[in-house]
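A structural walkthrough
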Amino acid sequence: MLSNLKRTEMCKCCLSGDERIQLEHSKRIDRELNEFKRRFLATQKIVLLGAGESGKSTFLKQMQIIHGTGFNEQEIIEYRTQIYENILKGMVYLINGKTHLGLPWGDHTTIRMKQVVSEYRVIFKSLIDDRESDAKRLGEKIPIFPEQFLANNLVNLVHELWSEESIRQAFERRREFPKYFVENVPYYIENLDRIARKVRNF
């Protein structure tokens, strides 16, 4: 019956009820195909290639900020948690890397830095280890909230650790770590005050 559509276009008054339905259905499909083709041709596609941590995801996020609608509340929570995780895990990697490389604390800071590391590991266990364990048990993501990140003097502890020469030496020798290191951690740490201010004002 569809083979008769050209004929029926010329003489719609001669169409039966079924033929009219088929004709309208065919027109609707044609319109949808034309709209799909228009959108497809208007879509610009790019392929981002690069090694891990080379900035592919960051580039896409920047494009979304500049040309898109920005981020919704859930995306903001997820990205903020990622920043917190990078800071927390990055510093632990540096502490462990310092130990792995056998780098000593400064002559006048040994007792104090051991105390700082002890306090930091307690916070790390709560915000990373325990949280990830709970998330795995519950089968859902658990974010880190600003008030958690700002609690227990965490920002000052990170600053104090980053100011220690042996921690910076560990960063310079990060290629020797047995575990992969996130390269953007120093940027986050050096901008920690600004990040903390934005958290407080969020």
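Small disclaimer: the values here were computed from a predicted structure and weren't measured. In every chain, residue numbers begin from 1 and rise along the written sequence. Note on the predicted model: pLDDT of at least 70 is required for a residue's local features to be given, and 80 or more for side-chain atom pairs to be given and counted; whole-chain, interface and lining totals, by contrast, use all residues. With hydrogens and water stripped out, all remaining heavy atoms of the structure feed into the side-chain values.

Interaxial angle, 0 to 180 degrees, is taken between N-to-C directions of lines fitted to C-alpha atoms, where a helix line uses only the stretch in contact. Helix numbering and strand numbering both begin at the N terminus, where a helix is a DSSP run of H or I of at least 4 residues and a strand a DSSP run of E of at least 2. Packing of helix α5 (residues 110–138) against helix α7 (residues 154–162) brings their axes to within 10 Å, and their N-to-C directions diverge by 130°. Accordingly, the angle class assigned to the pair α5 and α7 is oblique. The handedness of the crossing between α5 and α7 comes out as left-handed. Together, Arg 112, Met 113, Val 116, Val 117, Glu 119, Tyr 120, Ile 123 and Leu 127 of α5 and Leu 154, Leu 157, Val 158, Glu 160 and Leu 161 of α7 make up the contact between the two elements. Should an angle lie under 35 degrees it is considered roughly parallel, over 145 roughly antiparallel, and from 65 to 115 roughly perpendicular; all remaining angles are considered oblique. Crossing handedness is defined as follows: a turn of the near helix away from the far one that is anticlockwise and smaller than a right angle gives a left-handed crossing, while the clockwise case is right-handed. A contact between two residues is defined here by any heavy atoms of the two lying within 4.5 Å.

Patches here are clusters of residues that have more than 30% relative accessible area and form no salt bridge, with a 9 Å joining cutoff for like charges and a 5 Å cutoff for nonpolar side chains (Val, Leu, Ile, Met, Phe, Trp, Tyr). A 1.4 Å probe and the Shrake-Rupley method give the accessible areas. Residues count as covered only by the protein chains that appear here. One side-chain nitrogen of Lys or Arg within 4 Å of one carboxyl oxygen of Asp or Glu is enough to make a salt bridge. Where nonpolar side chains cluster on the molecular surface, the patch consists of Ile 46, Leu 48, Phe 59 and Leu 60 and spans about 360 Å² of accessible area. Secondary-structure assignment places Phe 59 in helix α3 (residues 56–67).

Further remarks concern the environment of Asn 152. Here Asn 152 is to be found in the loop between α6 (146–150) and α7. Counting along the chain gives 29 residues from Asn 152 to Ile 123, while the straight-line C-alpha distance between them is 7.6 Å.

Time to look at the nonpolar core. Most often, soluble globular proteins keep nonpolar side chains buried together rather than apart. We define a nonpolar core as any set of buried Ala, Val, Leu, Ile, Met, Phe, Trp, Tyr and Cys residues linked to one another through side-chain atoms lying within 4.5 Å. The buried label applies to any residue whose accessible area, calculated with a 1.4 Å probe on protein chains only, is under 20% of its type's maximum; exposed applies above 50%, and partly exposed to all values in between. The biggest cluster of nonpolar side chains holds 37 residues, and the ones touching the most others in it are Leu 88, Met 91, Leu 94, Tyr 120, Leu 154, Val 158 and Leu 161. For this core, the elements supplying multiple residues, two or more each, are α4 (73–101), α5, α7, α8 (165–172), α9 (185–190) and α10 (192–201). Residue contacts for Tyr 120: discarding those within four places in its chain leaves Ile 87, Leu 88, Met 91, Val 92, Ile 95, Leu 154, Leu 157, Val 158 and Leu 161.

Look at α4: 42 Å from first C-alpha to last across 29 residues, which is about the 42 Å you get at 1.5 Å a residue. Within 3.5 Å is the distance limit for a polar contact, defined as a pair of N or O atoms, with the added protein rule that one can donate a hydrogen and the other accept it, and that residues adjacent in sequence qualify only through two side-chain atoms. Its side-chain oxygen 3.1 Å from the backbone nitrogen of Gln 74, Asn 72 forms the N-cap of α4. With its phi angle positive at about 70°, Gly 102 sits one or two positions after the end of α4. Helix span, expected: 1.5 Å multiplied by one less than the number of residues in the helix.

Backbone geometry at Asn 152 places phi at a positive 60°, although glycine is not the residue there. On the basis of relative accessibility, which here comes to 58%, the residue Asn 152 falls in the exposed class. One non-glycine residue, Asn 153, lies in the positive phi region at around 65°.

Let us now look at the side chain of Glu 85. One can find Glu 85 in helix α4. Classification of Glu 85 by relative accessible area gives buried; the value is 18%. There is a polar contact of 2.5 Å between the side chain of Glu 85 and the side chain of Arg 131. Apart from residues lying up to four places away in sequence, Glu 85 is in contact with Gly 90, Ile 128, Arg 131, Glu 132 and Ile 144.

Fair warning: the whole summary comes from geometry, so function is off the table for now.
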